[in-house]
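Spelled out, the chains give:
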Amino acid sequence: MRKDRLKIYAGWVVFAEAVGGLSGWLTRNGVKVYNANVIQPPLAPPSIVFPVVWAILFALMGIGAARIYMSRSSKARMRALALFFVQLAFNFLWSIIFFNYQAFGLALAWIIVLLALIIAMIIAFLKVDRPAGYMQIPYAVWVAFATYLNYGVWKLNG
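Here is a short report on the structure shown in this document. Each chain carries its own residue numbering, running from 1 in the direction its sequence is written. pLDDT decides what is reported in this predicted model: residues at 70 or higher carry local features, side-chain atom pairs at 80 or more are listed and counted, and totals for whole chains, interfaces and linings draw on all residues regardless. By convention in this description, side-chain values take in all heavy atoms of the structure and omit both hydrogens and water.

Focus on the side chain of R77
Heads up, the condition is: Helix and strand definitions here come from DSSP, where helices need a minimum of 4 consecutive H or I residues and strands a minimum of 2 consecutive E residues; each element is numbered from the N-terminal end. We call two residues in contact when some of their heavy atoms are within 4.5 Å.
With respect to the helices and strands, R77 occurs in helix α4 (residues 75-100). Ignoring sequence-local partners within four residues, the contact set of R77 consists of I68, Y69, S71, R72 and V128.

Set out below in structure tokens:
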């Protein structure tokens, strides 16, 4: 039984990390242009911070989703998993909008919706498995900070 649970955790973490990795790969050229040309707001961390933080957050997302997946079947479980997938898609697309298209205003609106989806996911996770919900709080905090950065970039770069 334990081996099966580890496989489930590993599968969800690999899936979440793969989504993040694909997003990073698809935006690698846009990130280079962004770093070379965009005025950063105050408190913007060095570029190296982002992949490290995101790797941790995607792992926490995967672990949390695995816990939800392994919980008792219910409508709350299905809703929590649906919110996980929807917010993950929004997360994936935000990077493309922000870095590749440098549509900073649209990206700001998008990340606000993403933050709302993350909060909804946390609430849904908490109803099914409290530790899974608590694991997503750093993600919400980071995306709130990213919202500030997105706003700053939008204001400073038109």
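Here the narrative resumes, following the displayed structure.
Quick notes on the pattern of salt bridges
What counts, and what does not: Definition used for salt bridges: Asp or Glu carboxyl oxygen within 4 Å of a side-chain nitrogen of Lys or Arg. Type-normalised accessible area, obtained with a 1.4 Å probe on protein chains alone, sets the label of each residue: buried when under 20%, exposed when over 50%, and partly exposed for intermediate values.
In this structure the tally under the stated criterion is one salt bridge. In this structure, R67 and D129 form a salt bridge, with 2.7 Å as the shortest nitrogen-oxygen distance. Taken as a pair, R67 in helix α3 (residues 49-69) and D129 in the loop between α5 (104-128) and α6 (130-134) lie far apart in primary sequence, 62 residues in all. Look at R67 and you get partly exposed, because its relative accessible area is 25%. Using a relative accessible area of 15% as the deciding quantity, one classes D129 as buried.

Concerning the packing of aromatic side chains
Heads up, the condition is: Aromatic pairs are defined between Phe, Tyr and Trp rings, using the six-membered ring for Trp, whenever the two ring centres lie within 6.5 Å; interplanar angles under 30 degrees are classed as stacked, those over 60 as edge-to-face, and all others as tilted. Any Lys NZ or Arg CZ found within 6 Å of a ring centre and within 35 degrees of that ring's normal is scored as a charge over the ring.
Under the definition given, this model contains 20 aromatic pairs. Ring geometry for W12 and F85: centres 5.8 Å apart, planes at 40°, overall tilted. Residue W12 is found in helix α1 (residues 2-26), and its partner F85 is found in helix α4; the two are separated by 73 residues along the sequence. The class of F85 is partly exposed, set by a relative accessible area of 40%. Consider the rings of Y34 and F104, whose centres lie 6.3 Å apart with planes at 70°: the pair is edge-to-face. Residue Y34 is located in helix α2 (residues 28-37), and its partner F104 is located in helix α5; the two are separated by 70 residues in the primary sequence. An aromatic cluster is present here, built from W12, F15, Y69, F84 and F85 joined pairwise through their rings. Sitting above the plane of the Y69 ring, R77 keeps its charged end 5.5 Å from the centroid. Between the NZ or CZ atom of K155 and the centre of the ring of W154, over which it lies, the distance is 5.6 Å.

Examining the environment of A66
Its place among the elements puts A66 in helix α3. A66 sits 61 residues away from R5 along the chain, and the two C-alpha atoms are 8.8 Å apart.

A closer look at a nonpolar patch on the surface
The cut-off we apply is this: Excluding any residue in a salt bridge, patches collect residues exceeding 30% relative accessible area, merging like charges within 9 Å and nonpolar Val, Leu, Ile, Met, Phe, Trp and Tyr side chains within 5 Å. For accessible areas, the Shrake-Rupley method is used with a probe of radius 1.4 Å. Any residue's cover is judged against the shown protein chains and nothing else.
There is a patch of nonpolar side chains on the surface, built from L22, W25 and L26 and spanning about 290 Å² of accessible area. Topologically, L26 is positioned in helix α1. For L26, a relative accessible area of 34% corresponds to the partly exposed category.

Looking at unusual backbone geometry
One non-glycine residue, L43, lies in the positive phi region at around 80°. Structurally, the position occupied by L43 is in the loop between α2 and α3.

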